[in-house]
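Listed here are the chains, written in short residue letters.
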Amino acid sequence: MSLSLELYRSRSRYLAAKAVGGRIPGALAGPIAPLRLVNRDEPRTPAAGWVRVRPRLAGICGSDLATLSGQSSFYFSPLVSMPFVPGHEVVGELLDDVAPAPDPGPDAPASRRDGLAAGTRVVLDPVLSCGARGVGPCRWCAEGQRSRCDRVTVGHVSPGLQTGYCADTGGGWGRRLVAHRDQLHAIPDTLPDKRAVLVEPLACAVHSVRRAGIEPGQSVVVVGAGTVGLFTLLALRSLTQAASVTVVAKHDRQRELAAAFGATDVVAPDRAVNALRRSSRAFLLHPERGTDFLLGGVDVAFEATGASSGLDLALRTVRAGGRVVLAGLPGARADLTPVWYRELELVGAYASGQSPERVSDFDTAIAMATEAPLDGVVSATYPLQRWREAIDHAFAAGRLGALKVTFAPQEE
Ligand SMILES: [Zn+2]
Ligand SMILES: [Zn+2]
């Protein structure tokens with residue numbers, strides 16, 4: 001048996017959680033959470049190429065909080081299988097040897113050619129695509145763009161877009177999970193667990209910056225300065241030659257980190273439109289209702305708050321013909337009028353992929369996790385038994401000056 005946090009289907013708890021949202025502190029980690037600590041059967045390896053992994057640290061992601069609070073869309077319901085163990089940001093160690101891939105291909109990473117030994121520390125690419133599911137590759141998997149896989153509901157394991165949303169694999173918020181060779185990336189001894197657990201969200205940030213296609217000299221705004229926003233900023237600074245990156249941050253600690261990570265300017269949400277008007281020499285307009293907007297504005301905006309207000313701000317401060325990247329799970333609603341009138345490009349960025357030169361975003365993220373000033377980004381670590389405190393802490397992270405809250409699933 002394996003101690004795990006399990007997310008289960010409960011209509012009454014779902015409705016209660018959705019009604020309260022994140023508004024009442026403590027409520028979502030209390031009696032209405034559709035989460036429970038249980039002893040589950042250890043997840044079984046469904047086929048060759050799968051191994052057991054012992055999670056050492058697992059992050060709490062904004063998408064986990066949206067799922068817990070009933071804020072995520074019903075769109076996801078056929079893409080998950082219940083009950084599941086959440087946790088898709090994972091550093092762990094292998095309990096089994098990983099055999100070499102039968103068909104590694106000419107530019108496969110060493111781990112696919114040579115396999116990996118039990119005991120190796122790894123980070124998990126959570127996407128459960130064709131290879132893991134034992135079905136022939138869809139067009140996207142054949143191109144190495146596994147995050148776009150069309151077959152995430154079929155094959156060896158139950159539906160689930162990722163580990164952490166699939167009933168069969170276990171997840172990072174438990175003491176065991178199983179993973180397929182395609183999901184595993186070995187990490188160097190020099191990368192401590194507290195940095196390694198950030199590799200998955202860093203890989204997502206690398207992917208969304210690649211999706212943005214930023215040209216040298218362009219101006220950028222990042223709306224939101226939680227983990228998604230700050231890691232987007234790090235990726236922008238390491239992968240692009242953007243002339244300026246303005247970060248919209250709500251809380252003091254977020255402002256400090258944004259400055260430390262290389263923001264050109266850091267502004268509060270209620271000052272953002274005005275600050276961007278000045279820096280881009282745009283015209284400011286005041287609608288009868290709703291947020292002010294610009295004619296003129298920045299070249300590219302990243303929405304990294306997950307709130308409708310964040311997307312509104314991004315859409316209203318990008319120049320005509322500019323691009324707005326959805327860097328995280330988007331909020332429920334936004335006014336799309338500027339997309340039409342300003343002929344904006346709205347670009348999604350889900351999970352991770354690879355560069356045009358076929359360098360995995362995970363490899364880029366492992367290098368960033370080693371070099372970037374990330375000490376203190378993991379603000380707190382909890383054993384599974386203290387999950388209510390952990391979830392509370394994660395919900396209030398910005399206000400409490402915290403960034404990433406994690407579980408140490410093997411600790412008591
Ligand atoms: Zn995530
Ligand atoms: Zn596929």
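As the structure is a computational prediction, the values presented were derived from the model and not from experiment.

The rules behind each value
- Residues numbered from 1 in each chain as written.
- Chains lettered and ligands numbered in written order.
- Predicted model: local features only at pLDDT ≥ 70, side-chain atom pairs only at ≥ 80, totals over all residues.
- Heavy atoms only, no water.
- Donors = N, O, S within 2.8 Å, 3.2 Å for Na, K, Ca; no water.
- Tetrahedral: all angles 85-135°; square planar, octahedral: opposite > 155°, others 65-115°.
- Buried < 20%, exposed > 50% of the residue type's maximum accessible area, 1.4 Å probe, protein only.
- Salt bridge = Lys/Arg side-chain N within 4 Å of Asp/Glu carboxyl O.
- Helix = DSSP H or I, 4+ residues; strand = E, 2+ residues; numbered from the N terminus.
- 1 Å grid on protein atoms, 1.4 Å probe; cavity = no way out; pocket = protein on both sides within 12 Å on 5 of 7 lines; lining within 4 Å.
- Points joined across faces, edges and corners; volume = space filled by probe spheres on them.
- Nonpolar A, V, L, I, M, F, W, Y, C, P; charged D, E, K, R; others polar.
- Axes fitted to C-alpha atoms, helices over the stretch in contact; angles between N-to-C directions.
- Left-handed = near helix turned anticlockwise from the far one by under 90°.
- Contact = heavy atoms within 4.5 Å.
- Pairing = 2+ DSSP bridges.
- Right-handed = clockwise from strand over helix to strand, strands pointing away.
- Polar contact = N/O pair within 3.5 Å; in protein donor to acceptor, adjacent residues only side chain to side chain.

Some points on the coordination of the zinc ion (ligand 2)
Right, on to step 1. Donor atoms from the polypeptide that coordinate the zinc ion (ligand 2) comprise Cys130 (SG), Cys138 (SG), Cys141 (SG) and Cys149 (SG), at 2.3 to 2.4 Å from the metal.
Right, on to step 2. What the four donor atoms of the zinc ion (ligand 2) show is an angle range of 102 to 115° at the metal, which sorts the shape as tetrahedral.
Right, on to step 3. Sequence positions of the residues that donate to the zinc ion (ligand 2) give the spacing C-x7-C-x2-C-x7-C.
Right, on to step 4. On the accessibility criterion, Cys138 (3% relative accessible area) is buried.
Right, on to step 5. Its relative accessible area of 14% is what places Cys141 among the buried residues.

Some details on the pattern of salt bridges
Right, on to step 1. The tally for this structure, following the rule as stated, stands at 19 salt bridges.
Right, on to step 2. Note that Arg36 and Glu6 form a salt bridge whose closest N and O atoms lie 2.9 Å from each other. Separated by 30 residues along the polypeptide, Arg36 in strand β2 (residues 35-40) and Glu6 in strand β1 (residues 2-7) bring together distant segments of the chain.
Right, on to step 3. With its nearest N and O atoms 2.7 Å apart, the salt bridge here joins Glu6 to Arg40. Separated by 34 residues along the polypeptide, Glu6 in strand β1 and Arg40 in strand β2 bring together distant segments of the chain.
Right, on to step 4. One network of salt bridges, in which partners are shared, links Arg54, Arg56, Glu93, Arg121 and Asp193.

Overview of empty space enclosed by the protein
Right, on to step 1. Counted according to the given criterion, the structure contains two cavities of 30 Å³ or more.
Right, on to step 2. The computed volume of the largest cavity comes to approximately 40 Å³.
Right, on to step 3. Lining the largest cavity are Leu7, Asp64, Thr67, Leu68, Phe84, Pro86, Gly164, Tyr165 and Trp173.
Right, on to step 4. For the lining of the largest cavity, the element with the highest residue contribution is helix α2 (residues 62-68), accounting for three residues.
Right, on to step 5. When its volume is computed, the second largest cavity comes out at roughly 30 Å³.
Right, on to step 6. In terms of lining residues, the second largest cavity is bounded by His251, Arg253, Gln254, Leu257, Gly398, Gly401, Ala402 and Leu403.
Right, on to step 7. A breakdown of the residues in the lining of the second largest cavity according to their chemical character gives three nonpolar, four polar and one charged.

Points about the coordination of the zinc ion (ligand 1)
Right, on to step 1. Around the zinc ion (ligand 1), the protein contributes the donor atoms Cys61 (SG) and His88 (NE2), at 2.1 to 2.3 Å from the metal centre. Residue Cys61 is found in the loop between β3 (50-59) and α2, and its partner His88 is found in the loop between α2 and β4 (90-94); the two are separated by 27 residues along the sequence.
Right, on to step 2. You can call Cys61 buried: its relative accessible area is 16%.
Right, on to step 3. With a relative accessible area of 3%, His88 lands in the buried category.

A short note on the packing of helix α7 (residues 199-212) against helix α13 (residues 361-371)
Right, on to step 1. One can describe the packing of α7 onto α13 by two numbers: an axis separation of 8 Å at closest approach and a directional angle of 120°. Read as a crossing pair, α7 and α13 show a hand that is right-handed. Residues Val199, Glu200, Leu202, Ala203, Val206, His207 and Arg210 of α7 touch α13, and the partners they reach there are Asp361, Phe362, Thr364, Ala365, Ile366, Met368 and Ala369.
Right, on to step 2. Residues that form the contact of α7 with α13 fall into these classes: nine nonpolar, two polar and three charged.

Brief notes about the pairing of strand β16 (residues 378-382)
Right, on to step 1. In this structure, β16 lies alongside strand β17 (residues 404-407), joined through four bridges in parallel fashion. When the bridges of β17 are listed, Val378 appears paired with Lys404.
Right, on to step 2. Crossover handedness for the path β16 to helix α14 (residues 387-395) to β17: right-handed.

Brief notes about α13
Right, on to step 1. Residues of α13 that are buried: Asp361, Phe362, Thr364, Ala365, Ile366, Met368 and Ala369.
Right, on to step 2. In this structure, the buried side of α13 is in contact with β5 (121-124), β7 (184-186), α6 (193-196), α7 and α8 (227-239).
Right, on to step 3. The backbone nitrogen of Phe362 lies 2.9 Å from a side-chain oxygen of the residue at the head of α13, namely Ser360.

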